[in-house]
Amino acid sequence: MRVPLVLTLLLVLGSCCVRRACPPATTIEAPPPYTQLSDFTTEGGRYDGKADWQVVEGTLVGREGPGHAGGLIYTKERFEHAQVTCEVRIDHPFDSGIFFRMGKDGKGPQVTLDDRPGGEIGGIYADGWWHHTPAGIEAWKKNEWNQVRARCVGHPAHIQVWINGVLVCDHRLPEDAKDFAREGMIGFQVHGGEGTEPTQAIRFRNIRVEACLLYTSPSPRDISAYLVCRLLLENGGGGGGG
């Protein structure tokens, strides 16, 4: 009996997923947090800058450099599909952000943490606005510690942002988005600029970066034969590029 082509393809993709499947999420050991300045680098990204970075009792602290200089600090590891979780405290008013896929070979999407009048929390920016997130500031606690979770998977990138457990952004870049890198470092930003006091800072603690945990079948949103990452970090997944 001849097996229909569609069924054959489903069987092939299914066996591929089984071979690549990981244990249930509850059995996967969480990655250790970034707690030392030696865990990071200030070179090799798209927007290096001259910001002042320190680690104080396990907390990454960023302030403006000389002349209100801003800049980024990066993980040394490179990621294609990743989720960042951390606690963030900003001395209002101050502009910061979390960047994905940072490198010299293209731009990466930024999750804005702009706690200034008129700023946005959880917006998507990359050499211009890609998505506005007015709900972000409503979930944000000014001058307090905030739980931030940001995820970037797929090509074009599918970006999701949770602030204190509230999903404030769920956005896919358009198919015609150009000049974005396929992988890179995770970046943490001091924006810099006038109007900020030298004592003001952005603080990140309990920083964890989790790469993909499971691959699924190819998505029509990705290049041919590319396997998309799906993170199994809560019920329902929510990753992938389909």
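Everything numeric in this text was worked out from a predicted model, so none of it was measured.

Chemist: So what exactly am I meant to see when it comes to the overall build of the protein here?
Modeler: Each helix and strand counted, the protein has two helices and 16 strands in total. Burial status across the protein gives 48% buried among its 242 residues. In the protein, the share of contacts with a sequence separation of at least 24, taken over all contacts with a separation of at least 6, comes to 63%.

Chemist: What exactly am I supposed to notice about the sheet that holds strand β14 (residues 202-211) here?
Modeler: Strand pairing within a sheet occurs via backbone hydrogen bonds; the two strands may be parallel or antiparallel. Here we have seven strands laid out as an open sheet, ordered β2-β3-β14-β5-β10-β11-β12, and antiparallel in their pairing. Two strands close off the open sheet at either side, each with one partner strand: β2 (52-56) and β12 (166-172). Across the sheet, the mean angle separating the axes of adjacent strands is 25 degrees when strand polarity is ignored. Two elements, β2 and strand β3 (residues 59-63), share five bridges in a ladder whose sense is antiparallel. Each bridged residue has a counterpart across the sheet, and for Asp52 the counterpart in β3 is Arg63.

Chemist: Honestly, unusual backbone geometry in this entry has me stumped. Any pointers?
Modeler: Glycine aside, residues mostly have negative phi angles, and peptide bonds mostly take the trans form. Here the bond from His92 into Pro93 is cis, since omega is -5 degrees, no more than 30 degrees from zero. Within the fold, Pro93 resides in the loop between β5 (82-90) and β6 (94-102). Omega for the peptide link from His155 to Pro156 comes to -5 degrees, which places this bond in the cis form. Checked against the element boundaries, Pro156 lands in the loop between β10 (146-153) and β11 (158-163). Residues other than glycine seldom take positive phi values, yet Asn164 does so here, at roughly 50 degrees. With respect to the helices and strands, the residue Asn164 is situated in the loop between β11 and β12.

Chemist: Explanation requested: the packing of aromatic side chains in the structure shown.
Modeler: Inspection of the entire model under this criterion finds six aromatic pairs. A ring pair is formed by Phe40 and Phe188, whose centres lie 6.2 Å apart and whose planes are at 85 degrees; its orientation type is edge-to-face. You can see Phe40 sitting in strand β1 (residues 40-41) and its partner Phe188 sitting in strand β13 (residues 184-190), a full 148 residues away along the chain. Each member of the pair Phe40 and Phe188 is classed as buried. Through pairs of rings, three or more aromatic residues link up here, namely Tyr34, Phe40, Phe188 and Phe204. We note Arg149 situated over the ring of Trp162; from NZ or CZ to the ring centre the distance is 3.7 Å. One residue, Arg205, lies across the ring of Trp145, its end atom 3.8 Å from the ring centre.

Chemist: Please clarify how the nonpolar core should be interpreted in this entry.
Modeler: Nonpolar side chains in soluble globular proteins generally cluster together in the buried interior. The biggest cluster of nonpolar side chains holds 38 residues, and the ones touching the most others in it are Val88, Ile98, Ile186, Phe188 and Phe204. Ranked by the residues each element gives to this core, the list is headed by β5, at five residues. Ile186 has contacts with Ile73, Tyr74, Thr75, Glu77, Phe79, Ala82, Val84, Ile98, Phe99, Phe100 and Val209, leaving out every residue within four places of it along the chain. By size, the runner-up hydrophobic cluster in this structure holds five residues, among which are Leu72, Phe99, Met102 and Met185.

Chemist: Teacher, can you tell me more about the sheet that holds strand β4 (residues 71-79) here?
Modeler: Taken in spatial order, the seven strands make up an open sheet running β1-β4-β13-β6-β7-β8-β9, and their pairing is antiparallel. Every other strand in the sheet has two partners, leaving β1 and β9 (129-131) as the edge strands with one partner each. Pairing of strand β8 (residues 121-125) with β9, which is carried by two bridges, proceeds in the antiparallel orientation. Note on β9: the bridge partner recorded for Tyr125 is Trp129.

Chemist: For this particular structure, what's the right way to read the environment of Asn206?
Modeler: Checked against the element boundaries, Asn206 lands in strand β14. What makes Asn206 partly exposed here is its relative accessible area of 41%. Along the sequence, Asn206 and Tyr34 sit 172 residues apart, while their C-alpha atoms lie 7.0 Å from each other. Look past the residues within four positions of Asn206 in its chain and what remains in contact with it is Pro33, Thr85, Cys86 and Glu87. Among the polar contacts made by the side chain of Asn206, one reaches the side chain of Glu87 at a distance of 2.3 Å.

Chemist: What is the right way to read the pattern of salt bridges from this model?
Modeler: Think of it this way: side chains of opposite charge can pair up when their charged atoms draw near. Counted by the stated rule, this structure contains eight salt bridges. In this structure, Asp48 engages Lys104 in a salt bridge whose closest nitrogen and oxygen atoms are separated by 3.7 Å. Taken as a pair, Asp48 in the loop between β1 and β2 and Lys104 in the loop between β6 and β7 (110-115) lie far apart in primary sequence, 56 residues in all. Classification of Asp48 by relative accessible area gives buried; the value is 19%. Across the pair Asp95 and Arg116 runs a salt bridge, and its minimum N-O distance is 3.2 Å. Taken together, the residues span a long stretch of sequence, with Asp95 in strand β6 and Arg116 in the loop between β7 and β8 at a distance of 21 residues. Note on Asp95: relative accessible area 10%, which makes it buried. Judged by relative accessible area, Arg116 falls into the partly exposed class, the value being 34%.

Scoring rules and cut-offs
- Residues numbered from 1 in each chain as written.
- Predicted model: local features only at pLDDT ≥ 70, side-chain atom pairs only at ≥ 80, totals over all residues.
- Heavy atoms only, no water.
- Helix = DSSP H or I, 4+ residues; strand = E, 2+ residues; numbered from the N terminus.
- Buried < 20%, exposed > 50% of the residue type's maximum accessible area, 1.4 Å probe, protein only.
- Contact = heavy atoms within 4.5 Å.
- Pairing = 2+ DSSP bridges.
- Axes fitted to C-alpha atoms, helices over the stretch in contact; angles between N-to-C directions.
- Phe/Tyr/Trp six-rings, centres within 6.5 Å; stacked < 30°, edge-to-face > 60°.
- Lys NZ or Arg CZ within 6 Å of the ring centre and 35° of its normal.
- Core = buried A, V, L, I, M, F, W, Y, C linked by side-chain atoms within 4.5 Å.
- Polar contact = N/O pair within 3.5 Å; in protein donor to acceptor, adjacent residues only side chain to side chain.
- Salt bridge = Lys/Arg side-chain N within 4 Å of Asp/Glu carboxyl O.

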